[in-house]
Amino acid sequence: VLTWAKPARSGTKGTTYSMEKDAKIYIAGHRGMVGGAILRHLQTQGYKNLLTRTSKDLDLRNQQAVADFFDKERPAYVFLAAAKVGGILANNTYRGEFLYDNLIIEANIIEAARRYSTTKLMFLGSSCIYPKLAPQPLKESYLLTGPLEETNEPYAIAKIAGIKLCEAYRDQYGCNFISVMPTNLYGKGDNYDLQKSHVLPALIRKFHEAKVKGDKEVVIWGTGTPKREFLYADDLAEACVFLMNEYDGKELVNVGTGEDLSIKELAELVAKVVGFEGALTFDTTKPDGTPRKLMDVSKLHALGWRHQVELPEGIRLSYEDFLQHKDNTVKA
Ligand code: GFB
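All values reported here derive from a predicted model rather than from experimental measurement.

### Things to note about the UniProt feature "binding site: substrate" (unreviewed entry) in the protein
Under the present numbering, the feature "binding site: substrate" (unreviewed entry) in UniProt falls on K206, W221, R228 and D288. Within the secondary structure layout, K206 lies in helix α6 (residues 199–213). On the basis of relative accessibility, which here comes to 18%, the residue K206 falls in the buried class. Not counting residues within four places of it along the chain, the set of residues in contact with K206 comprises L194, V218, V219 and W221. You can see W221 is positioned in strand β7 (residues 217–221). Setting aside residues up to four positions removed in sequence, W221 forms contacts with I88, L89, L194, Q195, K206, D283 and K286.

Pasting the structure below:
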């Protein structure tokens with residue numbers, strides 16, 4: 001095992017160096033919405049040495065394969081955007097897979113990054129891993145201060161373990177591994193499968209199909225009263241590259257817009273963008289999930305980053321992306 005080379009980063013904000021443009025940067029999960037957005041952003045920012053692998057070429061659940069990959073490639077920076085993700089129903093249905101796959105993927109990559117001296121790694125948590133009834137808006141310090149939302153507890157436990165592994169490797173080995181906490185995300189390359197997707201892409205697809213078929217109503221899951229915050233995936237990608245260049249702390253950083261709306265208000269907004277004029281009905285046999293998970297983004301703003309894409313514009317861009325790719329993004 002190689003001895004750990006302390007990251008040669010200098011002191012306070014403004015004097016830290018950024019990722020070198022020719023540094024080898026591995027984006028784990030580049031086929032996903034978040035990984036794809038990070039890859040695109042790095043390309044537009046002129047980073048030339050970008051490393052990716054499809055899950056067919058590298059099964060991230062295979063510890064030896066991941067170690068061999070890191071030994072051979074020695075990436076200097078790693079964006080750990082690979083995970084098994086999904087909406088409330090997927091999380092509550094595939095509970096075992098959400099815990100096992102996410103635990104194994106993150107453990108393999110974080111350990112290989114330590115062992116082969118990755119200069120810096122970014123781990124991605126999620127706002128849904130904060131306690132179900134924590135005070136709002138959610139501060140980074142609220143993690144592990146109360147019971148979790150039942151429907152996605154397996155996923156949350158896995159993600160919390162990843163955050164703790166990064167902290168523990170910083171404590172024991174001096175690894176410069178940082179963790180960010182994105183809010184609910186949407187955007188290019190989203191998953192539109194109606195059973196497994198998150199709410200925003202599901203609503204885009206439901207309203208589009210209802211408009212085309214001339215349906216008079218669309219079914220919304222739950223009561224419509226839970227509130228959610230939504231960040232456009234390309235904005236998240238920009239924040240991730242910004243933090244990889246500017247932030248070396250052990251503490252979490254929330255990444256969001258700091259604004260939320262009810263599911264009912266969201267449905268009305270998506271219907272307007274898509275052009276559906278029928279009625280909404282609420283299927284209360286479906287779970288609401290956590291009542292609210294608004295992020296306190298004052299730390300992120302203090303570091304110097306704010307989101308650009310407001311929700312109506314983001315929904316319009318996502319709907320465009322859906323229309324361009326609906327034949328292959330929409331699984332039966
Ligand atoms: O986006 P979503 O599936 O996940 O659901 P969460 C958000 C809210 O939208 C819930 C309602 O109250 C749903 O009942 N909803 C209404 C719908 N209609 C629909 C629909 O057609 N599809 C979906 N999916 N929801 C997830 C976590 O929680 O947040 C994940 O389970 C992940 O682990 C993700 O962290 C970001 O926001 O409730």
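### A word on the side chain of D283
With respect to the helices and strands, D283 occurs in strand β12 (residues 279–283). A distance of 2.5 Å separates the side chain of D283 from the side chain of T285, its partner in a polar contact. Apart from residues lying up to four places away in sequence, D283 is in contact with V219, I220, W221 and G222.

### Focus on the nonpolar core
F70, F79, I109 and L243 are the most contacted members of the largest nonpolar core, which has 78 residues in total. Among the elements that make up this core, the one with the highest residue count is helix α7 (residues 233–246) (9 residues). If sequence neighbours within four positions are ignored, L243 has contacts with K120, M122, I178, V180, V253, V255, L300 and L303. Formed by 25 residues, the second largest nonpolar core is a distinct cluster that contains Y192, I204, V270 and A271.

### Side note on the packing of helix α1 (residues 33–44) against α7
The axes of two packed helices give the description: the angle between them and the distance between them. Following both chains from N to C, one finds α1 and α7 inclined at 60°, their axes separated by 8 Å at the closest point. Between α1 and α7, the crossing angle belongs to the class labelled oblique. By crossing handedness, the relation of α1 to α7 is classed as right-handed. Only A233, D234, L236, A237, E238, C240 and V241 of α7 make contact with α1, whose side of the interface consists of M33, V34, A37, I38, R40, H41 and L42. Each residue belonging to the contact of α1 with α7 can be placed in one class, and the counts come to 10 nonpolar, 1 polar and 3 charged.

### A few points about the packing of aromatic side chains
Within the structure shown, the criterion is met by 10 aromatic pairs. Measuring from ring centre to ring centre gives 4.9 Å for Y26 and F69, while their planes differ by 65°; the resulting arrangement is edge-to-face. Of this pair, Y26 sits in strand β1 (residues 25–28) while F69 sits in helix α2 (residues 63–73), and the two are 43 residues apart along the sequence. With respect to burial, Y26 and F69 carry one shared label: buried. Members of the aromatic cluster, each reached through a chain of ring pairs, are Y26, F69 and F70. Directly above the ring of Y169 sits R114, whose terminal nitrogen or CZ lies 5.6 Å from the centroid.

### Quick look at the pattern of salt bridges
Oppositely charged side chains can form a pair if their charged atoms are brought close together. Per the counting criterion, the structure on display carries 26 salt bridges. The shortest N-O distance in the salt bridge between K164 and E167 comes to 3.1 Å. Placement of the pair is K164 and E167 together in helix α5 (residues 153–173), with a separation of 3 residues, close to one helical turn. A relative accessible area of 18% places E167 in the buried class. The network of salt bridges with shared partners includes K24, R53, K72 and E73.

### Considerations on the site of the ligand
The local shell around the ligand holds 22 residues, among which I88, C128, K206, P287 and D288 are the closest. Here an oxygen atom of the ligand and a side-chain polar atom of N184 are 2.9 Å apart. The contact in question runs from an oxygen atom of the ligand to an N or O atom on the backbone of D288, over 2.5 Å. Counting only elements with at least two residues in the shell around the ligand, the list comes to α3 (88–93), α6 and β7. Top element by residues in the shell around the ligand is α6. It accounts for 3 residues. Partitioned by chemical class, the residues of the shell around the ligand number 10 nonpolar, 8 polar and 4 charged.

### Some details on helix α4 (residues 95–115)
Given a rise of 1.5 Å per residue, 21 residues ought to cover 30 Å, and the 30 Å separating the end C-alpha atoms of α4 matches this to within 8%. When α4 is considered as a whole, its buried residues turn out to be F98, D101, N102, I105, E106, N108, I109, I110, E111, A112, A113 and R114. After α4 finishes, the residue S117 shows a positive phi value of roughly 55°.

### Re the environment of Q64
Its place among the elements puts Q64 in helix α2. Taking C-alpha positions, Q64 is 33 Å from Q45, a pair spaced 19 residues apart along the chain. For Q64, the side chain forms a polar contact with the side chain of D68, separated by 2.7 Å.

The rules behind each value
- Residues numbered from 1 in each chain as written.
- Predicted model: local features only at pLDDT ≥ 70, side-chain atom pairs only at ≥ 80, totals over all residues.
- Heavy atoms only, no water.
- UniProt positions renumbered as here; feature names shortened; annotations may be inferred.
- Helix = DSSP H or I, 4+ residues; strand = E, 2+ residues; numbered from the N terminus.
- Buried < 20%, exposed > 50% of the residue type's maximum accessible area, 1.4 Å probe, protein only.
- Contact = heavy atoms within 4.5 Å.
- Polar contact = N/O pair within 3.5 Å; in protein donor to acceptor, adjacent residues only side chain to side chain.
- Core = buried A, V, L, I, M, F, W, Y, C linked by side-chain atoms within 4.5 Å.
- Axes fitted to C-alpha atoms, helices over the stretch in contact; angles between N-to-C directions.
- Parallel < 35°, antiparallel > 145°, perpendicular 65-115°, else oblique.
- Left-handed = near helix turned anticlockwise from the far one by under 90°.
- Nonpolar A, V, L, I, M, F, W, Y, C, P; charged D, E, K, R; others polar.
- Phe/Tyr/Trp six-rings, centres within 6.5 Å; stacked < 30°, edge-to-face > 60°.
- Lys NZ or Arg CZ within 6 Å of the ring centre and 35° of its normal.
- Salt bridge = Lys/Arg side-chain N within 4 Å of Asp/Glu carboxyl O.
- Near = heavy atom within 4 Å.
- Expected span 1.5 Å × (residues − 1).

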